Amino acid sequence: MTTVAEAAAARAAANAGPEPVTFAKALTTAMADAMRADDGVVVFGEDVATLGGVFRITDGLQKEFGAQRCFDTPLAESGIVGMALGMAMNGLRPVIEMQFDAFAYPAFEQIASHVAKMHNRTRGKVTLPLVIRVPYAGGIGGVEHHCDSSEAYYAHTPGLKVFTPSSVADAYRLLREAIASDDPVVFMEPKKLYWSKEAVSLETLRSEFDAGATPRAEGRAAVVRPGTDATIIAYGPAVPPALAAAEAAALEGRSVEVVDVRTIVPFDDETVCASVRKTGRAVVVAEAQGFASVASEITARVQERCFHSLAAPVRRVTGFDIPFPAPKFEHWYLPGVDRILDTLDELQWED
Amino acid sequence: MTTVAEAAAARAAANAGPEPVTFAKALTTAMADAMRADDGVVVFGEDVATLGGVFRITDGLQKEFGAQRCFDTPLAESGIVGMALGMAMNGLRPVIEMQFDAFAYPAFEQIASHVAKMHNRTRGKVTLPLVIRVPYAGGIGGVEHHCDSSEAYYAHTPGLKVFTPSSVADAYRLLREAIASDDPVVFMEPKKLYWSKEAVSLETLRSEFDAGATPRAEGRAAVVRPGTDATIIAYGPAVPPALAAAEAAALEGRSVEVVDVRTIVPFDDETVCASVRKTGRAVVVAEAQGFASVASEITARVQERCFHSLAAPVRRVTGFDIPFPAPKFEHWYLPGVDRILDTLDELQWED
Amino acid sequence: MTISVSSPGGGETSLAEAVKNFGISIEDYMLPVHGQIQILSEDGTMLPEDRRGSSPGHQYPVPPDEELLAAYRRLVIGRRVNDQNSALVRQGRLAVYPSSHGQEACQVASALCLRDGDWMFPTYRDAVAVMTRGVDPVDVMTIFRGDWHGGYDPHAHQVGIQSTPLTTQLLHGVGVAHAAKLRGEDTVVLAMCGDGATSEGDFHEALNFAAVFQLPVVFFVQNNQYAISVPLAHQTAAPSLAHKAVGYGMAGERVDGNDIVALLAVLDRAVTLARAGSGPLLVEANTYRMQAHTNADDATRYRNQAEVEAWAAKDPLNRMRHYLRAAGQLTDDVEASFARDAEEVAQHLREGLSGEPEIDPQDLFRYVFTEPTPQLREQAAFLADEIARSADTAPADLAKEH
Amino acid sequence: MTISVSSPGGGETSLAEAVKNFGISIEDYMLPVHGQIQILSEDGTMLPEDRRGSSPGHQYPVPPDEELLAAYRRLVIGRRVNDQNSALVRQGRLAVYPSSHGQEACQVASALCLRDGDWMFPTYRDAVAVMTRGVDPVDVMTIFRGDWHGGYDPHAHQVGIQSTPLTTQLLHGVGVAHAAKLRGEDTVVLAMCGDGATSEGDFHEALNFAAVFQLPVVFFVQNNQYAISVPLAHQTAAPSLAHKAVGYGMAGERVDGNDIVALLAVLDRAVTLARAGSGPLLVEANTYRMQAHTNADDATRYRNQAEVEAWAAKDPLNRMRHYLRAAGQLTDDVEASFARDAEEVAQHLREGLSGEPEIDPQDLFRYVFTEPTPQLREQAAFLADEIARSADTAPADLAKEH
Ligand SMILES: Cc1ncc(C[n+]2csc(CCOP(=O)(O)OP(=O)(O)O)c2C)c(N)n1
Ligand SMILES: Cc1ncc(C[n+]2csc(CCOP(=O)(O)OP(=O)(O)O)c2C)c(N)n1
Ligand SMILES: [Mg+2]
Ligand SMILES: [Mg+2]
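These figures come from a predicted structure and were not determined experimentally.

A.B. asks: What is the right way to read the sheet that holds strand β7 (residues 281-286) of chain C from this model?
C.D. replies: All names here are of chain C. With parallel pairing, 5 strands are arranged side by side in an open sheet as β1-β2-β3-β7-β6. Both edges of this open sheet fall to β1 (119-121) and β6 (251-256), since each of them pairs with a single strand only. Geometrically, the sheet is characterised by an average inter-axis angle of 20 degrees between neighbouring strands, direction not taken into account. Two strands pair when backbone bridges link them, and strand β2 (residues 189-194) and strand β3 (residues 217-223) are joined in this way by 6 bridges, in the parallel orientation. Within β3, the residue paired with V189 across the bridge is V217.

This is the structure we're talking about:
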């Protein structure tokens, strides 16, 4: 809740204050700052060193920190995660990149059976300060296997934290927090937001983070647009269409609050439920296929916790239960403003 | 709904009619019958041939059908699934065994990126009649990695069907259907039920199946106990405690209907919603950790579809969001009768 | 279906047999030649037999000149296809194209070494191989145009989908070969991947399964020296990728991947051995990815022009052209006719990819399963309704969508 | 932390260096000896040097007799531990125990070849190795008693958890070695797996990563001929598992896994080479799983008694015992004292595993993360409440649970 003002300010104030910064730049800066602050932080993966990553998110890190702290590995994702686990056991804080969402699947056993379980299995004797960065979801016209929304696989796996920023400021903040965390974090980066820009000051974010001036974003959803009539709960790539839908709804006289989940695990029941109890109506928006998804979870817990405040069932706007479609079909798949507005319309306003 | 009578009969009539048969025997017989009926059916995996599987589910198949149709592979799950995919492309109907739930994870990329997508990707030109058998869930005092409930990973992946029987008759029927299906089926076998027995006639089931006499179980939930006051929705290993809870509730004067989902994908909204609309109260019971799970999905869709019939929020009784615990802790983890009864009690009966 | 052949696990026998056949040690059978097989020199002259890099147990018949001429025609078409597709990307007609420019000899040889009934399992970069095998070039481009995940029927030409998840397709090839073997068919499978892909676990599992079940699979690695930006030295510390065969009890071969003569000789022999029951083989072709990984990549960030130029001098087309001209096979007329054939394919591509493809949103739900589930039917109806409603309020030409 | 050593990818250099050091070819460096290294004959006599299976570049110093005596003591204890644990399973004190009976020489040598600061990454079957490394035997049994997933602190003895998902732990060992190398520490990692496990993709990825980054990891494969019911011939068609080293540019070794002298010699050399910067090595020990996979398994379903008996004749304890007695090292007194030491460990196990362990249900939520999430706090409270309520209605002795 603390970031309402900030986020609104950042999003709106493009005409004054700091220069616009891309989401990608915020991520790169977060890694560089973390590497400067702690020389145990190492970055590796496929094409992250010389090339700076296929999305250039690790650009410049090898140059500044050398080939020992930012390096390319052989092409093997299970190898990357398994080796990172060992390095985390032995005093380092690896930040690893999976090149695309679906290309993290070869590492699924290492992630689900070891990364998620090592701390618990050893009664806390082994901690794994390890960040697995996963560029995810669609909206970029990518071919098959390059646009999966895989967050549910991780969110369903006990022992993993799952973060997913939707704003430039959160990209910086959440990645710093993920790297600083002693728990393994799967860090889901909405690819389509990499080139989005906001006027935020990375210097300010850095000094705030270093000073511990801002409360942790982990476990705190952000009310990114206040409203009174209904709540949209969204995360990652679904936040921009959610905000746009709220804006459009406002023109029709409906005041819609938008909550950005930010960290799926741990989940912020407090902020989400406070909003829904206030508005009495809720729509959950997520890009992933809906069946047995994070959106299902949010829907289920909101109705469990806010049942008597609800004027209508909690509704979902998600991807269809189909493999992510080819580029030319993408626009029919992605939850867009109209679909969200239609769903808002159906929340039994006549009652 | 068609199986209400049958299931009730089968479960009750242990004193008359056919000899008790184990769940394991029903599965073995289903495979043998399928192999007899279609010589394209091949069975392979780790230790399935000479040994007959660590649970003996494939016992005798190599002996009857030879080493070409039932054989052991090198120890590599991705290899097993990937090779099975190629064999399915080339005219066979592989039935493969993953030795334990968590040991299917090395195959996750093959399953999620290929098995689930090949039919769609090729506009239906390639069909994959492939069954991936996964012994799953706990209740057997197994050590780590041997008791995961992994159904949500598959159910969330579009393109996979997910079956999970809870009765001996369904073990036979659903496995025959899975093998006969032209779509890939992840066949989840509750380990703790392998040694459960029911008085059913495998001969009758066989001739019914071969004659197409019974309607398909795929996509049809079964009302395994009728009731009027509340509905318990469960599947796989959660069905027996659900039935026991319903029985206990009956002693307290509450008539609880129990719906066995049977096939998670495709899901039977019709039967589930008809029950909940009738009773007005619902509890979803599943052994898997609850977060972003199949139970979340069922909860979400029931409240979406039955909101105005609900006298109380749909509640969940699931595993905790922790790695599956060590044997001596298991009883605290598994959703048991008391926990289900407690939850039933909380469904705002006073309203 | 009748399953007829012998049981898996015959590893030792087959190695022993190979050794007997060639009169060499097991290690000599498995180990690739120390250099690589090369038949045509870089300036296009045929090397004397004792300078081709072969050694006992590794001998290769040279294909007749007519075959070489036909292969050259394919090279010319392949090069034209690569360059046409790259142009189509620049014109916005294709979203992306991973070009095999420079690797055309590998592409052509992988198709020509197979006969009808054999299977090929290609990657995203093997479009030219797939076309050479007979698939309509426009259909091959569907994935890169973005109107579906793939545009051809794998069964029609016995060509697997062009796989993106690296190395996964090798296992599919192993499965296809296994099914064929169980039925007693003499299908050979050519399973293709890149140098980077050899690092994935599935590479290991595929080679091992093929070796243990003694399947007729030729694993063909196009070592183009890079996996996107990562050079071979970061993929392996082995003397060559072909050395990996040893760990599976398999024979490994190295071949000059810009020498179509050597490629045909080596792959033909491998396919023949595999068909005769030798078990699987691994062939590594040394070649070079002359262009960036895809149009989205900037190769200047990780390699220098001198390296690229050194490889340009080894161009597979030039070499073959010089040889065939010197041999009197390639006259000006023939060359002109090849150019025309190439231009025809290019034109077919341009035309086929010129308009916007007709697409039907309901296809989204049609092929997920053999029959849509109730949930998919609901979702299909939801989308149809949404489109219908938006058509009511939108320009008329959108109305055709439903 | 200061990172000080050179960058990864130095594969070629290190191979070339090895070749220079030993004056042999690259292939001869990588290929395992054609037979296997054996120093002690099956009847317990020391073989002459030219009959130990070694070849140029593969020479091994024999450890002094005192070391062999100490190793024998460990063998005696290891055997006793195996048999005691199997008995505890029969008595219901342990849920399961995968015994290394017959493999004790491998178990003991893997612990003895390491020094303080080195790491071991064992499997579920390597309990004796873990104990020999210094972990309390009762703590090692926690996983098999079922009161937690593991009972020891991996950092306390630099021993990874006993891994169940096959081969996954090799990569953890690679990571530990990599971190140490980046800090300039001279840690060596012994990464252990079985014959069956070599078929998994992670085996490939681990060996390749170690080779490419030139890490000081000794991969130690206990080839006990079976993966549950599946014999070696169904795992691989290679002449030996050690041949797999070649594909990574690594040296492979075969050693008699029932000969503790050869094992110590080979592993000591491997650890020394690795510490000196040779890069990783692969050692395959040929041994035999004398008992069923675990107590839950029935080995008579897939192997015959004659095979078991043939291996019984090669028992690692007998061989060492004969040698040491002949050498005058092993007197009756010494032998009696070893038996007492073994009995002491057995008694410690019996006592430590006699009662029901105290367990706290709240532990379920304590270690999932470094701090419980709000959701876990809720669930913890839910369970505490449930237990409290059931205690109200249940026998008093359950009340202590919260
Ligand atoms: C499992 C997986 N991981 C990562 C990627 C992303 N990726 C696509 S191509 C490529 C490089 C492949 O290199 P190589 O195998 O040498 O083939 P080339 O592109 O050179 O033909 C990578 C890393 C992928 N497609 N699949
Ligand atoms: C990834 C994975 N797949 C399957 C299993 C089940 N499993 C446990 S032990 C075993 C056999 C292992 O054989 P090997 O590697 O030779 O070791 P050994 O038991 O002989 O010591 C199998 C298949 C597992 N533990 N992990
Ligand atoms: Mg390459
Ligand atoms: Mg073994």
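A.B. asks: Sorry, what's going on with the site of ligand 1 here?
C.D. replies: In the vicinity of ligand 1 lie 21 residues, with E77(A), Y124(C), R125(C), D195(C) and G196(C) positioned nearest. Around ligand 1, the nearby residues trace back to chains A, B and C. Contacts to ligand 1 include L166(C), whose backbone N or O atom sits 3.2 Å from a nitrogen atom. Protein contacts shield 96% of the accessible area of ligand 1, which totals 580 Å² for the unbound molecule. Classifying every residue of the shell around ligand 1 gives 9 nonpolar, 6 polar and 6 charged.

A.B. asks: Even after reading the chapter, I still don't get the interface of chain A and chain D, so can you show me in this structure?
C.D. replies: A common way to report how large an interface is uses the accessible area buried once the components associate. Taken together, the 50 residues of chain A in the interface contact 46 residues of chain D. Summing both partners gives a buried area of about 3,900 Å² for chain A against chain D, and 62% of it is carried by carbon and sulfur. Broken down residue by residue, the surface that chain A buries against chain D is led by Q68(A), N90(A) and R123(A), which jointly contribute 17%. Our count for the contact surface shared by chain A and chain D stands at 2 salt bridges. Across the pair R123(A) and D363(D) runs a salt bridge, and its minimum N-O distance is 2.8 Å. One can count 18 residue pairs in polar contact (both at pLDDT 80 or more) joining chain A with chain D. Only β3 (70-72), α4 (77-89), α5 (108-115), α6 (118-121) and α12 (294-306) of chain A provide two or more residues apiece to the side of chain A that touches chain D.

A.B. asks: When you look at the side chain of R303(D) in this model, what are you seeing that I'm missing?
C.D. replies: All names here are of chain D. Here R303 lies in the loop between β7 (281-286) and α11 (305-312). Despite its burial, R303 pairs with no opposite charge, the nearest such side chain being E307 at 5.1 Å. A distance of 2.7 Å separates the side chain of R303 from the backbone oxygen of R289, its partner in a polar contact. When sequence neighbours within four positions are dropped, the list of residues in contact with R303 reads Y226, Y288, R289, M290, Q291, A292 and V308.

A.B. asks: Sorry if this is basic, but what is going on with the sheet that holds strand β13 (residues 282-289) of chain B here?
C.D. replies: Two pairing modes exist for strands in a sheet, parallel and antiparallel, and in both the strands are linked by backbone hydrogen bonds. All names here are of chain B. Taken in spatial order, the 5 strands make up an open sheet running β9-β11-β10-β13-β14, and their pairing is mixed. Pairing within the sheet leaves two strands with one partner each, and these edge strands are β9 (222-225) and β14 (315-319). Neighbour-to-neighbour, the strand axes of this sheet turn through a mean angle of 25 degrees, independent of strand direction. With 4 bridges connecting them, strand β10 (residues 230-234) and β13 associate as parallel partners. Bridged to I232 within β13 is V283.

A.B. asks: Which parts of the structure should I look at to understand the coordination of the magnesium ion (ligand 4)?
C.D. replies: Around a metal, the ideal angle is 109.5 degrees if four donors adopt a tetrahedral arrangement and 90 or 180 degrees if six donors adopt an octahedral arrangement. Residues and elements named next belong to chain D. Around the magnesium ion (ligand 4), the protein supplies D195 (OD), N224 (OD1) and Y226 (O) as donor atoms, at distances of 2.0 Å. In primary-sequence terms, the residues that donate to the magnesium ion (ligand 4) follow D-x28-N-x1-Y. Linking D195 in the loop between β2 (189-194) and α9 (201-212) with Y226 in strand β4 (residues 226-227), this pair joins segments that are 31 residues apart in sequence. The exposure class assigned to Y226 is buried, which follows from its relative accessible area of 7%.

A.B. asks: I keep staring at the domain arrangement of chain C and nothing clicks. Help me out?
C.D. replies: Parsing chain C into structural domains produces domain 1 (9-352) and domain 2 (360-402). When each unit is reduced to the centre of its C-alpha atoms, the spacing between domain 1 of chain C and domain 2 of chain C is 41 Å.

A.B. asks: When you look at the confidence of the model for chain C in this model, what are you seeing that I'm missing?
C.D. replies: Caution is warranted with low-pLDDT regions, since their predicted coordinates should not be read in detail. Residues and elements named next belong to chain C. Here chain C averages 91 in pLDDT, while 91% of its residues score no lower than 70. Note on residues 1-13: pLDDT is under 50 here. Beyond four places in sequence and across chains, it has 36 contacts. Contacts for the low-pLDDT stretch residues 396-402, under 50 throughout, to residues beyond four places or in other chains number 8 contacts. The ipTM, which scores confidence in the relative placement of chains, is 0.95 for this predicted complex, and the corresponding pTM is 0.95.

A.B. asks: So what exactly am I meant to see when it comes to the coordination of the magnesium ion (ligand 3) here?
C.D. replies: Looking at the magnesium ion (ligand 3), one finds its protein donor set to be D195(C) (OD), N224(C) (OD1) and Y226(C) (O), positioned 2.0 Å from the metal centre. All donors of the magnesium ion (ligand 3) belong to a single chain; written as a sequence motif, their spacing is D-x28-N-x1-Y.

A.B. asks: In this structure, what is going on with the domain arrangement of chain A? I would like to understand it.
C.D. replies: All names here are of chain A. Taken as a whole, chain A is organised into domain 1 (20-210) and domain 2 (222-345). Listed by partner, the interface residues are 27 residues for domain 1 and 22 residues for domain 2. Across the interface of domain 1 and domain 2, roughly 1,900 Å² is buried in total on both sides, 59% from carbon and sulfur atoms. On the domain 1 side of the contact with domain 2, E151, T164 and S166 bury the most area, a combined 22% of that side's loss. Where domain 1 touches domain 2, the interface holds 1 salt bridge. In this structure, the salt-bridge partner of D170 is R262, at a minimum N-O distance of 2.9 Å. Linking domain 1 with domain 2 are 10 residue pairs in polar contact (both at pLDDT 80 or more). Of all elements in the fold, only α7 (151-155), β6 (161-163) and α8 (168-180) reach the threshold of two or more residues within the side of domain 1 that touches domain 2. When the residues that make up the side of domain 1 that touches domain 2 are grouped by side-chain class, the tally is 14 nonpolar, 7 polar and 6 charged.

A.B. asks: When you look at the site of ligand 2 in this model, what are you seeing that I'm missing?
C.D. replies: Near ligand 2 there are 21 residues, and of these E77(B), Y124(D), R125(D), D195(D) and G196(D) occur at the shortest range. Chains contributing residues to the immediate surroundings of ligand 2 are chains A, B and D. Here an oxygen atom of ligand 2 and a side-chain polar atom of N224(D) are 2.9 Å apart. Contact with the protein chains removes 97% of the 580 Å² of surface that ligand 2 exposes when unbound.

A.B. asks: How should I be thinking about the pairing of strand β4 (residues 93-97) of chain A in this particular structure?
C.D. replies: The side chains of a regular strand alternate, residue by residue, between the two faces of the sheet. Residues and elements named next belong to chain A. Burial runs high along β4: 5 of the 5 residues are buried. Where burial is concerned, the two faces of β4 agree: the one with R93, V95 and E97 and the one with P94 and I96 are both buried. Here 5 bridges tie strand β2 (residues 41-45) to β4, and the two strands are oriented parallel to one another. From the neighbouring strand, V43 faces β4, where its bridge partner is V95. Of the pairings in the sheet, the one linking β4 to strand β5 (residues 131-136) comprises 3 bridges and is parallel in character.

A.B. asks: I keep staring at the packing of helix α3 (residues 65-90) of chain D against helix α10 (residues 260-275) of chain D and nothing clicks. Help me out?
C.D. replies: Packed helices, taken two at a time, are described by the angle between their axes plus the distance between the axes. Residues and elements named next belong to chain D. At a closest axis distance of 11 Å, the pairing of α3 and α10 adopts a crossing angle of 115 degrees. Taken together, the axes of α3 and α10 lie roughly perpendicular to each other. By crossing handedness, the relation of α3 to α10 is classed as right-handed. Residues L68, A71 and L75 of α3 touch α10, and the partners they reach there are I260, V261 and L264.

Quick notes on the rules
- Residues numbered from 1 in each chain as written.
- Chains lettered and ligands numbered in written order.
- Predicted model: local features only at pLDDT ≥ 70, side-chain atom pairs only at ≥ 80, totals over all residues.
- Heavy atoms only, no water.
- Pairing = 2+ DSSP bridges.
- Helix = DSSP H or I, 4+ residues; strand = E, 2+ residues; numbered from the N terminus.
- Axes fitted to C-alpha atoms, helices over the stretch in contact; angles between N-to-C directions.
- Near = heavy atom within 4 Å.
- Polar contact = N/O pair within 3.5 Å; in protein donor to acceptor, adjacent residues only side chain to side chain.
- Areas by Shrake-Rupley, 256 points an atom, 1.4 Å probe, with all protein chains shown as cover.
- Nonpolar A, V, L, I, M, F, W, Y, C, P; charged D, E, K, R; others polar.
- Contact = heavy atoms within 4.5 Å.
- Buried area = accessible area lost by both parts, 1.4 Å probe.
- Salt bridge = Lys/Arg side-chain N within 4 Å of Asp/Glu carboxyl O.
- Buried < 20%, exposed > 50% of the residue type's maximum accessible area, 1.4 Å probe, protein only.
- Lys, Arg positive; Asp, Glu negative; His and termini not counted.
- Donors = N, O, S within 2.8 Å, 3.2 Å for Na, K, Ca; no water.
- Domains from an automatic or database assignment.
- pLDDT = per-residue confidence, 0-100.
- Parallel < 35°, antiparallel > 145°, perpendicular 65-115°, else oblique.
- Left-handed = near helix turned anticlockwise from the far one by under 90°.

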